[in-house]
Amino acid sequence: MQYIFDQLSQGNDQPFIDSMADTMRWTWMGSGQWSKTFDGKQAVLGELWAAVRTTLKSPYKVIANRFIADDDYVVVEATGQNTTPDGKLYNNKYCWVCHITEGKLQELNEYMDTQLVTETFQG
């Protein structure tokens, strides 16, 4: 995970994508309009990652601030360093709870500032 986030901090998402299991599940936690689950690597890439690539200027960057590991779970506190195509800063703060087995990312539960998401993309 440290290598993956080192690469994400430089705008290289390929190691992150390569680490995803085919059955990966990514959930935006909560109960509001931004809460959603993406089931399977194809949904993660086709829905979530495709949206990231159109709503944020390349390269997409996430900087890890802290890692906490326990057995096959890794918790990552991170901050985005991104800009929308129309020039708005989008530096959301994240907590990703990652479940890793057999060397692959099986599940990711994402906690983020949904108010910032709303202000940036619907404001």
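This text goes with the structure placed above it.
Let us look at the structure shown here.

What counts, and where the lines are drawn
- Residues numbered from 1 in each chain as written.
- Predicted model: local features only at pLDDT ≥ 70, side-chain atom pairs only at ≥ 80, totals over all residues.
- Heavy atoms only, no water.
- Helix = DSSP H or I, 4+ residues; strand = E, 2+ residues; numbered from the N terminus.
- Buried < 20%, exposed > 50% of the residue type's maximum accessible area, 1.4 Å probe, protein only.
- Lys, Arg positive; Asp, Glu negative; His and termini not counted.
- Salt bridge = Lys/Arg side-chain N within 4 Å of Asp/Glu carboxyl O.
- Contact = heavy atoms within 4.5 Å.
- 1 Å grid on protein atoms, 1.4 Å probe; cavity = no way out; pocket = protein on both sides within 12 Å on 5 of 7 lines; lining within 4 Å.
- Points joined across faces, edges and corners; volume = space filled by probe spheres on them.
- Nonpolar A, V, L, I, M, F, W, Y, C, P; charged D, E, K, R; others polar.
- Pairing = 2+ DSSP bridges.
- Phe/Tyr/Trp six-rings, centres within 6.5 Å; stacked < 30°, edge-to-face > 60°.

## What about the side chain of Lys41?
No. 1: Relative to the helices and strands, Lys41 resides in helix H3 (residues 41-55).
No. 2: Buried within the structure, Lys41 lacks any salt-bridge partner; Asp22 is the closest side chain of opposite charge, at an N-O distance of 4.8 Å.
No. 3: With residues near it in sequence (within four places) discarded, Lys41 still touches Ile17, Asp18, Met20, Ala21, Asp22 and Met24.

## Brief notes about the pattern of salt bridges
No. 1: Per the counting criterion, the structure on display carries four salt bridges.
No. 2: A salt bridge links Arg25 to Asp39, with the nearest nitrogen and oxygen atoms 2.7 Å apart. Pair noted here: Arg25 is in strand S1 (residues 20-28) and Asp39 is in strand S2 (residues 36-39), with a separation of 14 residues, a long-range link.
No. 3: Exposure remark for Arg25: the relative accessible area of 38% places this residue in the partly exposed category.

## Thoughts on the environment of Thr23
No. 1: With respect to the secondary-structure elements, Thr23 resides in strand S1.
No. 2: Once the C-alpha coordinates of Thr23 and Lys41 are considered, the two residues, 18 residues apart in sequence, prove to be 6.0 Å apart.
No. 3: In this structure Thr23 touches Gly40 and Gln106, once residues within four positions along its chain are discounted.

## Focus on the layout of surface pockets
No. 1: The computed volume of the largest pocket comes to approximately 280 Å³.
No. 2: Lining the largest pocket are 17 residues, with Trp28, Val52, Thr55, Tyr90 and Phe121 sitting closest to its centre.
No. 3: The set of elements that each furnish at least two residues to the lining of the largest pocket consists of S1, H3, strand S7 (93-101), strand S8 (104-112) and helix H4 (114-121).
No. 4: Looking at the lining of the largest pocket residue by residue, the classes come out as 15 nonpolar, one polar and one charged.

## As for the pairing of S7
No. 1: Two strands pair when backbone bridges link them, and strand S4 (residues 73-80) and S7 are joined in this way by seven bridges, in the antiparallel orientation. Its bridge partner lying in S7, Val76 is registered against Trp96.
No. 2: Summarising the sheet, S7 and S8 pair through eight bridges and their orientation is antiparallel. What sits directly across from Val97, in S8, is Asn109.
No. 3: Once S7 ends, the chain turns through two residues before running back antiparallel as S8, passing Glu102 with a positive phi of about 50 degrees.

## With respect to the packing of aromatic side chains
No. 1: Summed over the entire model, instances satisfying the criterion amount to eleven aromatic pairs.
No. 2: Judged by centre distance (5.3 Å) and plane angle (85 degrees), the rings of Trp49 and Tyr60 are edge-to-face. With Trp49 in helix H3 and Tyr60 in the loop between H3 and strand S3 (62-70), the pair connects residues that are eleven residues apart, well separated along the chain. The pair Trp49 / Tyr60 is uniform in exposure class, with both members buried.
No. 3: Measuring from ring centre to ring centre gives 5.0 Å for Tyr90 and Phe121, while their planes differ by 65 degrees; the resulting arrangement is edge-to-face. Here Phe121 lies in helix H4 and Tyr90 lies in strand S6 (residues 89-90), a separation of 31 residues in the sequence.
No. 4: An aromatic cluster is defined as three or more aromatic residues linked by ring pairs; in this entry it consists of Phe5, Phe16, Trp26, Trp49, Tyr60, Phe67, Tyr94 and Trp96.

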